[in-house]
Every structure is written in C-alpha cells, then in structure tokens.
Amino acid sequence: MNSSPAKPQQPRSKQIRIGLAGLGKFGCNHAEILAHCPEAELAAVCDTDTTALEKQLERHPQSRGYQSFNDLIADPQLDAIVIATPEHLHHEHALAAIRAGHSVFLEKPMASSLQDAEELRQASRAASVILQIGFVLRYEASHAKLKQEIDTGSFGEIISIRAKRNCSRQWARFHLDYGHTIYETLIHDLDLMLWLTNSQPERVMAMERKPKTYQYSEALSALIHFKNGSLGVVESSWFVPEGSPLNVTTATWQGTIDAELEVVGSQRTAKLRLLDAPLQIWSEQASQSIDVGLWPLLHGSIGGALRDELYDFVRCVREQRTSTIANLDDAVEGLRMAEAIQSAAASGSVLKLPNQ
Ligand SMILES: NC(=O)c1ccc[n+]([C@@H]2O[C@H](COP(=O)([O-])OP(=O)(O)OC[C@H]3O[C@@H](n4cnc5c(N)ncnc54)[C@H](O)[C@@H]3O)[C@@H](O)[C@H]2O)c1
C-alpha cells in the first residue's frame, strides 16, 4: 500500500492488539518490545514449537497462545500481525494474514523470490492493509542521521556506497544451507543503498565463492550501477573468527557482525562501522563491542532501532497510514536486486535490470 489505505476507519481501542508469530531468537525481542509498547497490546503469540510458545506465555501471561498460524490469524480480537518466522514461510504467512484482513509487519527478507514479493505487495494493496518490512537499519540512529544529512544535499552527488557485512564463522554451519547471503544479510545493505541513493539499480555484476559442502555462497562480492550514476559495492562472507569482538550477545545468539558502510559523495564522505560502538568491554575471556543502537536491553526493556521500528508500525496501524521511514516499494526493489545479484554470481555475467 503506497497511500492512505481505503480500509474504513474503524473506531479503535486505545491499544493496537498484536498477534506475534515466530518466537525464536529474534521474535523474542519483538515480544519484549510489544509487551512494553504503550500503544500496543501483545494479545497473542504463536509458535509451532511448544517449548518456545510456553516460554513466552509464561513471560506474557496476558497473551493468548496458538500453535497454528492459521488459528492466530483467525483470532477476531487482533488488529495486526507481526511475523518473525523463518524466511521460507514469509510469503505464505504474510499472504494468509493479509487475506484475513490484517495489517502485517514482516521481518526481512520480504520473501524468497521477487515474484512472491510482488504478490505480497499486490495483495496488501488489494486488501488496503499496511505491509511493512523489517529493515531495522533505517531506524538505527547513525544510519538515520546519515540519511538526513544526505537528504539536505550536503554530500553533493552520491558517487559510491560500499557496504560490508561479514558474519561469525560459527554461524556459517547453519546459514550456508539455510539461505543465500544476499537474502540473509546483504538484503539490509541493498535496502540502505536504495534509501540513501534514492535511485534504482540498472546493472549488476557479482562473483561468489561456493563451498563444496554447503548449498549457498560462503563469500560474495557484487557491483551495482544505479540509474542516477551512483555505484554500489557489497560484500559478505562467513569467516569472522571466533576470537573477534562480540557485538551480538544474547542468551540464544552470540557472535560478531563485522559491518561497515562508506558513502562517498562529491562533497562529503561518511564512514560507519558497527564494531566501533562507543562502549567496549574487555575481559580475560572476550572483548565486547556493546551495541546500543540496534536492540539494547536497558532498564528492563529493549530499546534502540528495533523498538522504534515496531513502534512506528503500531503508530501506522493506529493512524491507518504507511510509514514515512519503511518503504514497501524499496523492499520489493531490494529483492529484484538480490535476485539479479544471485543470478549474476551464478552465471558470471553482467545483468541489466529491466526498467521499472
Ligand atoms: N532485522 C534483523 O536484523 C533480523 C535479525 C535476525 C533475524 N531476523 C529475521 O527474523 C526472522 C526469524 O529469525 P530467528 O533468528 O528468530 O529464527 P529462529 O529460527 O530462531 O525462529 C523462528 C521461529 O519460528 C517458529 N516457526 C517455524 N515455523 C512456524 C510456523 N509455521 N508457525 C509459527 N511459528 C513457526 C520456529 O519454531 C522458531 O521458534 C527471520 O526472518 C530472520 O531473517 C531479522
């Protein structure tokens, strides 16, 4: 949905009643945030895994629990659905929720193919509901500030953007058979490039290193030429050593995301490095780079970009409008880029993207 939805303005209770599906490593964060949101109620939670479901019901006893996604979306007491289930279920779950008349917040990636993403966009428009995709970096303070600066025009022309997102070696075992890195990690950077250049991709080139024992690339580099002349460079690999400074340290999730972003404008240059967090803690065992921008647990609740993103979604549902920060068309365009990069890497050819 791009403009105000046609859904009739219904009288709404003060709080938006949310149903959350997927209570794994990341969905737990959504549950915490929604439970603390003054404008929302974590009315229902859903997971096929009974242990995960029971754990969250214990933590949020006011919520109703469902093991079936279809039962969740059939709950007549819900205003919106937040989906943090695995990637391969995003299309099926979001489509079912939209067709049941719900507004949807869907974790990235939007879908596993461009065709599925297009279908979700069409379905949300047809149902006049909000569909917002979880590109959390748009809400992270440093990235948001950079966007604001670029939009003043002070960078001049955007000449190039270089983005790196390398991840812990220990995660490779799981991820390299789970999904292609362009959808798993670099999709964030493709979205940032669309947002920061305010342009669309025209051609892509890519190369990858395929492991013998896993399905997807263990290292990928891609070049993107945008219609406005900006150049994009993205790279990702799964070899960050275990002794590297930790910046992801939750009970279920430990490791390092070594991410960097450099924007070269004709007038100014910006550099951002995730591991340069202002708070560094060293011990005999490890050195930690403490994230306070993305989803820090502070004073008993989760703050930062993830909170701001979900609160933005809740506010959009309350006010029946689309977000001014998240952009559904960019999410679809990101998948178009991802698909082109995956094909270019597989074929070794330069791919021209059709005009949109
Ligand atoms: N925005 C970000 O920076 C970011 C970071 C991490 C994860 N994510 C995204 O969040 C999503 C979840 O990731 P995760 O790491 O929590 O995965 P996870 O595997 O830890 O959790 C997924 C949960 O979904 C449940 N599930 C599976 N099938 C289901 C079904 N049919 N109905 C209901 N529940 C079902 C699983 O039992 C599991 O508890 C993914 O899309 C991932 O890409 C986004």
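What counts, and at which threshold
- Residues numbered from 1 in each chain as written.
- Predicted model: local features only at pLDDT ≥ 70, side-chain atom pairs only at ≥ 80, totals over all residues.
- Heavy atoms only, no water.
- Near = heavy atom within 4 Å.
- Polar contact = N/O pair within 3.5 Å; in protein donor to acceptor, adjacent residues only side chain to side chain.
- Areas by Shrake-Rupley, 256 points an atom, 1.4 Å probe, with all protein chains shown as cover.
- Nonpolar A, V, L, I, M, F, W, Y, C, P; charged D, E, K, R; others polar.
- pLDDT = per-residue confidence, 0-100.
- Contact = heavy atoms within 4.5 Å.
- Buried < 20%, exposed > 50% of the residue type's maximum accessible area, 1.4 Å probe, protein only.
- Helix = DSSP H or I, 4+ residues; strand = E, 2+ residues; numbered from the N terminus.
- Domains from an automatic or database assignment.
- Buried area = accessible area lost by both parts, 1.4 Å probe.
- Axes fitted to C-alpha atoms, helices over the stretch in contact; angles between N-to-C directions.
- Parallel < 35°, antiparallel > 145°, perpendicular 65-115°, else oblique.
- Pairing = 2+ DSSP bridges.

Colleague: Explain the site of the ligand residue by residue, including any values.
Modeller: Lining the immediate environment of the ligand, one finds 24 residues, of which K25, F26, D47, E87 and H90 sit closest. Between the ligand and the protein, one listed contact pairs an oxygen atom with a backbone N or O atom of T85 at 3.4 Å. Summarising the interface, the protein chains cover 83% of the accessible area of the ligand, which totals 850 Å² for the free molecule. The residue inventory of the shell around the ligand, partitioned by class, reads nine nonpolar, nine polar and six charged.

Colleague: Mind laying out the confidence of the model for the protein chain, listing which residues take part and the relevant values?
Modeller: Averaged over all residues, the pLDDT of the protein chain equals 93, while 96% of them reach at least 70. Long-range and interchain partners of residues 1-12, a stretch whose pLDDT sits below 50, account for 25 contacts in this model, where long-range means more than four residues apart.

Colleague: A description of helix α4 (residues 90-99) should follow, citing residues and the corresponding values.
Modeller: Burial analysis of α4 places seven of its ten residues in the buried class, which makes it a mostly covered element. Two residues or fewer after α4 comes G101, characterised by a positive phi angle close to 95°.

Colleague: Tell me about the domain arrangement of the protein chain, and name the residues and values.
Modeller: You can read the domains of the protein chain as domain 1 (16-136 + 302-324) and domain 2 (141-292 + 335-351). Each of domain 1 and domain 2 has a C-alpha centre, and these two points are 25 Å apart. Between domain 1 and domain 2 lies a buried interface of about 1300 Å² when both sides are counted; carbon and sulfur atoms form 61% of it. Considering only the surface of domain 1 that becomes buried against domain 2, K25, L114 and F135 emerge as the three largest contributors, covering 43% of it.

Colleague: Residue-level account of the packing of α4 against helix α5 (residues 114-127), with values.
Modeller: The interhelical angle for the contact between α4 and α5, taken along N-to-C directions, is 10°, at an axis separation of 9 Å. What the angle tells us is that α4 and α5 run roughly parallel. For the pair α4 and α5, the contacting residues are H91, A94, L95, I98 and R99 in the first and D116, E119, L120, A123, S124 and A127 in the second. Split by residue class, the contact of α4 with α5 holds six nonpolar, two polar and three charged.

Colleague: How would you summarise the sheet that holds strand β5 (residues 103-107) if you had to cite specific residues and measurements?
Modeller: Overall, parallel pairing links the six strands, which are arranged β3-β2-β1-β4-β5-β6 in an open sheet. The two strands at the open ends of the sheet, each matched to only one other strand, are β3 (64-66) and β6 (131-134). Strand-to-strand, the axes of this sheet are offset by a mean angle of 25°, without reference to chain direction. Contacts from helix α2 (residues 50-59) reach β2 (40-46) and β3, with the element oriented near 175° to β3.

Colleague: Hey, could you go over the pairing of strand β16 (residues 287-290) for me, with residue numbers and the actual values?
Modeller: Bridging between strand β15 (residues 279-282) and β16 involves four bridges; their strand directions are antiparallel. Pairing of Q280 across the sheet is with S289, part of β16. Linking β15 back to β16 in an antiparallel pair, the connection comprises four residues.

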